[in-house]
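So you can see what is in the structure, the chains are spelled out below.
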Amino acid sequence: MILTTFYCVLASNFPFLDVLYTFLFNSFILLVFLGWKYVKTKDVYVLLNSNFDAIEKSSLDQGDSFWGRHISSLLKQQYQLYERNMQQINKNHHEHLTFINQWVHQMKTPLSVIRLQLEAHAGEPYAHGMSEEVYKMEKGLNMALYYARIDAFERDFVIERTRLKPLILDSISQEKKLFIKNNMLPKADVDDTIEVYTDVKWIKFVIEQLITNGIKYSKGKGKYLTVSAYKTEDHVVLEVLDEGIGIHPKDIRRVFHPFFTGENGRILGESTGMGLYLAKKICENLNHKIYIHSEVNRGTKVSILFEHIQTDHK
């Protein structure tokens, strides 16, 4: 268009109207060409201005234009490479979890033998200290096992109607040696009629973890640990309340993060930072809510909210 117009201007025998006509005609051809190119490559322009929330969307067909075909081919190759990498990662992850599960079960067998031997020598001076260490190892192995299973949660849970009181009393009984060691007394304030829908195995692990934390962070300070349950208008609330050292305000928002030990964990030196993280993940998977409230040197209260069981009234 530019060259044609320039030639017409240089040629003195072209009238102005002819030059203008040539310019407009060429402009029309240019606009038609650009419009056709835009329609052919519109999918590419949309792609370049898109924000993706899933990688699958970036591999859609980008039209039959030159750039569309080549970009589609490139994206499909990248997506296939991504799928192969994810399959390998998932395979490695599955093998790792299988190994952890097998290892934990293999370690539990010798621990059971050691515990039986210790019970046979219960009066010996060394038996008490070794029994405490075996208890710590069993707790650590259980935590590793539940952490390994959390990713496959949907294949390992059964929701059923459960009474809370027997579940809480059994969890307290499991930690009776820890209560005795720390000179603490448990209190259970739960009505026999309170029932919830949950998975007994998973929620029992959560309750035991909360009880263990309450005892551990009340060492030498609190005398009682209270586990209570009551009904509100919308929920059934389970609370674990201790009289321990509490949680510093700067740490309270991060206690559910994995491997976060906080100021208390550094002081006691026994925290893994995984207990409350697992409790949070399990509650989320079971559709329960969990909250924590704490005051320094006053104690900590952890609350789990269950949905009400709907009953039919005739």
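Attention here is on the structure that accompanies the text. (Residues numbered from 1 in each chain as written. Predicted model: local features only at pLDDT ≥ 70, side-chain atom pairs only at ≥ 80, totals over all residues. Heavy atoms only, no water.)

Check the secondary structure of the protein chain and you find nine helices and seven strands. Seen along its three principal axes, the alpha-carbon backbone of the protein chain occupies a region of about 120 × 50 × 50 Å. The buried share of the protein chain, taken over its 314 residues, is 36%. Taking the contacts inside the protein chain whose residues are at least 6 apart along the sequence as the reference set, 66% of them involve residues at least 24 apart. In the structure as shown, the protein chain presents an accessible area of about 20400 Å², 58% of it carried by carbon and sulfur atoms. Each charge sign in the protein chain was given a centre, from 38 positive and 37 negative side chains, and these centres are 3 Å apart. (Helix = DSSP H or I, 4+ residues; strand = E, 2+ residues; numbered from the N terminus. Buried < 20%, exposed > 50% of the residue type's maximum accessible area, 1.4 Å probe, protein only. Contact = heavy atoms within 4.5 Å. Areas by Shrake-Rupley, 256 points an atom, 1.4 Å probe, with all protein chains shown as cover. Lys, Arg positive; Asp, Glu negative; His and termini not counted. Charge placed at Lys NZ, Arg CZ, Asp CG, Glu CD.)

The subject of this paragraph is the environment of His-248. The topology assignment puts His-248 in the loop between strand E5 (235-242) and helix H8 (262-268). Take His-248: its relative accessible area is 30%, and that puts it in the partly exposed class. It is 7.9 Å that separates the C-alpha atoms of His-248 and Ser-294, two residues lying 46 residues apart in sequence. Residues contacting His-248, with those up to four places away along its chain left out, are Glu-263 and Val-296.

Another aspect to go through is the sheet that holds strand E6 (residues 289-295). Strand order in the open sheet formed by five strands is E2-E4-E5-E7-E6, with mixed pairing between adjacent strands. In this open sheet, the two edge strands, each paired with only one partner strand, are strand E2 (185-190) and E6. Each strand axis lies, on average, 15 degrees off the axis of its neighbour in the sheet, ignoring direction. Where E2 and strand E4 (residues 224-231) come together, six bridges link them in parallel fashion. Bridge assignment links Ala-188 to a residue of E4, and that residue is Val-227. In this fold helix H5 (residues 164-174) packs onto E2, E4, E5 and strand E7 (299-307), with an angle of close to 175 degrees to the strand it touches most, E2. (Pairing = 2+ DSSP bridges. Axes fitted to C-alpha atoms, helices over the stretch in contact; angles between N-to-C directions.)

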